[in-house]
Amino acid sequence: MARLPSYVIPGQPQHIIQRGNNRQAIFAAEADYQFFRDALVEAAIKQGLTIHAYVWMTNHIHLLATPQFDDSISKVFQSVGRKYVQYFNYTCKRSGTLWEGRYRATVVDSEHYLLTLMRYIEMNPVRADMVAHPRDYPWSSYRFNALGETGKNADWLTSHSEYERLGHDAAERQGAYRQLFRAAISKDDLTAIRECTHKGWALGSERFREQIERLTNRRTVSKGIGRPRLENRDV
């Protein structure tokens, strides 16, 4: 089944994925990550996209972000896409497309899935056997959310209200967040996150999906019979 058209509800977080074409690498050196970071932060500030969590793998990126406007996400990815492809092609002496089409995204039920999705995003390097612990991977939001790290890779992040509810102060919130990583994400949650993001369905409870359908005037889940085929290209 083809994914549903992307939709955006200002103020509601979204899980966003952008991949390299044919799974090719989109980062080849440390400077590439830095250039992408700077381009993304500049565009996000300009277009009203608040970023809560991220990870940048070698051939794809994940964001958990809240758009302020209907076109916040699309304008950010248009700007970053153009700027970064020009930079990458020039630096690597290549030509042609870099991205696998348009980004994929799903609106997220904050109450039921936001913290789980943050763990899912930041655990990507561990599931890919790149590091033993998410704190060991430099290009993710884990050090900000779990350790309170500041700097160029973190200062532009904004904590979501669901994260803020973890504690009364920063140290308490960070400690509670680290505790969440002691439990594995359930297979059902992994399946829901992957299917909803790849297909453009709403990620949340039945009540949440019904609310999104009323707001957007379109369905938020598959109408097919049985479980759709998983696209296991994502970690």
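About the thresholds
- Residues numbered from 1 in each chain as written.
- Predicted model: local features only at pLDDT ≥ 70, side-chain atom pairs only at ≥ 80, totals over all residues.
- Heavy atoms only, no water.
- Buried < 20%, exposed > 50% of the residue type's maximum accessible area, 1.4 Å probe, protein only.
- Helix = DSSP H or I, 4+ residues; strand = E, 2+ residues; numbered from the N terminus.
- Pairing = 2+ DSSP bridges.
- Axes fitted to C-alpha atoms, helices over the stretch in contact; angles between N-to-C directions.
- Contact = heavy atoms within 4.5 Å.
- Phe/Tyr/Trp six-rings, centres within 6.5 Å; stacked < 30°, edge-to-face > 60°.
- Polar contact = N/O pair within 3.5 Å; in protein donor to acceptor, adjacent residues only side chain to side chain.
- Salt bridge = Lys/Arg side-chain N within 4 Å of Asp/Glu carboxyl O.

**Brief notes about the pairing of strand β4 (residues 104-107)**
Piece 1. Where burial is concerned, the two faces of β4 agree: the one with Arg104 and Thr106 and the one with Ala105 and Val107 are both buried.
Piece 2. In the sheet, strand β1 (residues 14-19) pairs with β4 via four bridges, with the strands oriented antiparallel. In the strand pairing of β4, Gln14 is matched with Val107.

**Side note on the sheet that holds strand β2 (residues 49-56)**
Piece 1. Across the sheet, which stays open at both edges, the four strands sit in the order β2-β3-β1-β4 with antiparallel pairing between neighbours. In this open sheet, the two strands that pair with only one neighbour each are β2 and β4. Strand after strand, the sheet turns through a mean of 20 degrees between neighbouring axes, direction not considered.
Piece 2. Strand contacts of helix α1 (residues 30-47): β2 and β3 (60-67), with the helix running at about 160 degrees to β2, the strand carrying the most contacts.

**Quick notes on the packing of aromatic side chains**
Piece 1. The full count for this structure, using the stated rule, is 20 aromatic pairs.
Piece 2. Relative to Phe181, the ring of Tyr142 has its centre 5.0 Å away and its plane inclined at 85 degrees; by these criteria the two rings are edge-to-face. Here Tyr142 is found in helix α5 (residues 142-147), whereas its partner Phe181 is found in the loop between α7 (170-180) and α8 (187-199), with 39 residues between them in sequence.
Piece 3. The exposure class of Tyr142 is buried, given its relative accessible area of 3%.

**Digging into the environment of Tyr84**
Piece 1. Position of Tyr84 among the secondary structure elements: in helix α2 (residues 72-92).
Piece 2. As a C-alpha pair, Tyr84 and Ala39 span 45 residues in sequence and 7.4 Å in three-dimensional space.
Piece 3. Those residues in contact with Tyr84 that sit more than four places away from it in its chain are Ile26, Phe27, Asp32, Phe35, Phe36, Leu98 and Trp99.
Piece 4. Within the local environment of Tyr84, its side chain forms a polar contact with the backbone oxygen of Ile26, the two atoms lying 2.4 Å apart.

**Details of the pattern of salt bridges**
Piece 1. Under the criterion given, the structure shown has six salt bridges.
Piece 2. Among the salt bridges present, the one from Lys75 reaches Asp71, with a minimum N-O distance of 3.1 Å.
Piece 3. Arg165 is the partner of Glu162 in a salt bridge, and the nearest nitrogen-oxygen pair spans 2.5 Å.

Take it as geometry only, folks, not as evidence of what the structure does.
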